[in-house]
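Understanding the architecture of this molecule
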Amino acid sequence: MLLSKKQPSAATQWIEKVKYQKNREPYFKFLVNPHLRYTAFLFVFLSLWFLLQVFLFPQTKTRPTTAVAAVSTKTYEVHENPKTTTKSSSPKCNGKVSVYVYNLPAEFNLGLLDDCSHLNVYTNMCPQVANRGLGQPLDNMDLGSSDSNPWFATHQFIAEMIFHARVENHPCRTWDPAKANLFYVPFYGGLHVSSKFREQNHTIRDALAVRLIDYLLDQPTWHKHYGKDHFIALGRTSWDFMRTDSGPDFGANCLLNLPSVKNMSVLTVERNPWKGSNQHGIPYPSYFHPTTSDQMLTWQRMMRQSNRPYLFSFIGAPRKGVDKAAIRDEMIKQCTESTRCKLLKCDGGNPKCYNPSEILRVMRESHFCLQAPGDSFTRRSTFDSILSGCIPVFFSRHTAYTQYAWFLPVEESKYSVYMDEQGDESKSIEEELLKISKEEVERMRTTVIDMIPRLTYAHPNASNSDLGFEDVVDVALEALAQHVRNKIYDDLTIAESS
């Protein structure tokens, strides 16, 4: 504890003042003594020299060295990486990010939750939309003692709700549209489209999306850049919003095909690699939503120390269809035949496949996690894998590499393994993985664990002073702001040159 010296009372100060006034004459008689006079002159000379040094040669300010950061991160066993490691300060907007959140009519977001039992044609979503989209709390995750529980049974297609909740409390939010460089349209499009998958009438299926655009076109803020500084976040894949006249109709609507939406930036858990120039991939939400940097650091440390007896693992079910079935059947076959593989087969309603604790346990015990494409290219399992410190093995470039450019390292081999599903490597997975040295595996796992913060959706109630790291929303807003600046600048350049 720091002890402060007790200040004298007003009465004491008055007594001391009188005492000084009564005795001030003898204090100046010391100048008569030559020894004391010499001492006084020396003191005055040194004082003047010190003042000259201060005013004529002021001390320059220096930036903190990286050595300080290295010491602090070593304490928590976090490897210093400016893009992937928890930071000691909250995100700084510095005028680069200023996001305005539209207060949409309730029918476009929160009003949809009134009928939560019918938001998905396959399941009751009421438990899933609780806690601003985090879902039901989990109490079976061994993070240790904590003031708040960061674990939730989060649905894989609920990112739009969590994103909305985080932006509402974000330090870069502005209530003044004149100061904004980003305009967020909090439309729960994924929840709506999944409630209409079986609607045969396309006009009814598309109606809410059309009304949303009509509403935006009536806003003065839209017309400044005609939506190029606007964005939406969707919790489902882009395919659910890009219905085509050719091919089977699996329930998609026309949202992303609307001309006005093509002007906007679209955040989605899976972008169209060929027709999604305005689409940007954001991670699927996993189960971990920390409120403090201590929770994040504790989990990262646990993942570094985790015992991993299995070389690789696979969690999933067989799929129908020639292409999907082939690679999954091959993975299940190879894993079953290997003593180095842990298989969690999810056919027949295996309850372990719906237990987050069991899923993460399998991954925490594995060095590599196989990530076969699912119903589409991407999988929530990819982010469960990284959360568990398990190196992902991809069999399609569209499972991650063409999806999440804002969030993943540029050098793919630093954090993942790629085997073409049509190539020879995928026919001998264990043999290929054994070729990677132990040193390389450790290096890759270090990178994977360092990536966890920026692939995590922090708890919406987390204060930035406590959070201490950049999560999915922080990374997305920063990248979006830069993307919008570039887009508007390019438009101005073209206009000036024409």
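Before reading further, recall that the structure is shown in the block above.
Just so you know, these numbers come straight off a predicted model, no measurement behind them.

**Comments concerning the packing of aromatic side chains**
Summed over the entire model, instances satisfying the criterion amount to 17 aromatic pairs. Here Tyr-102 and Phe-183 contribute two aromatic rings whose centre-to-centre distance is 6.3 Å and whose plane-to-plane angle is 45 degrees, an arrangement assigned as tilted. Residue Tyr-102 is located in the loop between β1 (99-101) and α4 (126-129), and its partner Phe-183 is located in strand β5 (residues 182-184); the two are separated by 81 residues in the primary sequence. For the pair shown, Tyr-102 and Phe-183 are each scored as buried.

**Examining the packing of helix α5 (residues 159-168) against helix α17 (residues 472-497)**
Where α5 meets α17, the axes come as close as 10 Å, and the angle between the chain directions of the two elements is 75 degrees. The orientation of α5 relative to α17 falls into the category roughly perpendicular. Along its contact with α5, which presents Phe-163, Arg-166 and Val-167, the element α17 presents Val-473, Asp-474 and Ala-476.

**A look at the sheet that holds strand β6 (residues 230-234)**
Sheet architecture is open: six strands sit in the order β4-β1-β5-β6-β7-β8, paired in parallel fashion. Lying at the two open borders of the sheet, with one neighbouring strand each, are β4 (173-174) and β8 (279-281). With two bridges joining them, β5 and β6 adopt parallel strand pairing. Counted as the bridge partner of Tyr-184 is Phe-231 from β6. Docked against the sheet, α17 engages β1, β5, β6, β7 (265-268) and β8, running at close to 155 degrees with respect to β7.

**A word on the environment of Gly-348**
Here Gly-348 shows up in the loop between β10 (341-345) and α12 (356-364). Linking Gly-348 and Ala-317, residues 31 residues apart in sequence, is a C-alpha distance of 8.9 Å.

**Things to note about the sheet that holds strand β12 (residues 391-394)**
A sheet is described by the order of its strands in space; here five strands give the open sequence β10-β9-β11-β12-β13, paired in parallel fashion. In the strand order of this sheet, the two ends are held by β10 and β13 (417-418), each with one partner. Two elements, strand β9 (residues 310-316) and strand β11 (residues 366-371), share three bridges in a ladder whose sense is parallel. Looking at the pairing, Phe-312 lines up with Phe-368 of β11. Lying on the sheet, helix α15 (residues 438-451) is in contact with β11, β12 and β13; it crosses β12 at an angle near 100 degrees.

**A word on helix α10 (residues 293-305)**
Helix length check: α10, at 13 residues, gives a terminal C-alpha distance of 18 Å against a target of 18 Å (1.5 Å per residue), a fit within 8%. Buried residues belonging to α10 abut α12, α13 (381-387), α15 and α16 (464-467).

What counts and what doesn't
Residues numbered from 1 in each chain as written. Predicted model: local features only at pLDDT ≥ 70, side-chain atom pairs only at ≥ 80, totals over all residues. Heavy atoms only, no water. Phe/Tyr/Trp six-rings, centres within 6.5 Å; stacked < 30°, edge-to-face > 60°. Helix = DSSP H or I, 4+ residues; strand = E, 2+ residues; numbered from the N terminus. Buried < 20%, exposed > 50% of the residue type's maximum accessible area, 1.4 Å probe, protein only. Axes fitted to C-alpha atoms, helices over the stretch in contact; angles between N-to-C directions. Parallel < 35°, antiparallel > 145°, perpendicular 65-115°, else oblique. Contact = heavy atoms within 4.5 Å. Pairing = 2+ DSSP bridges. Expected span 1.5 Å × (residues − 1).

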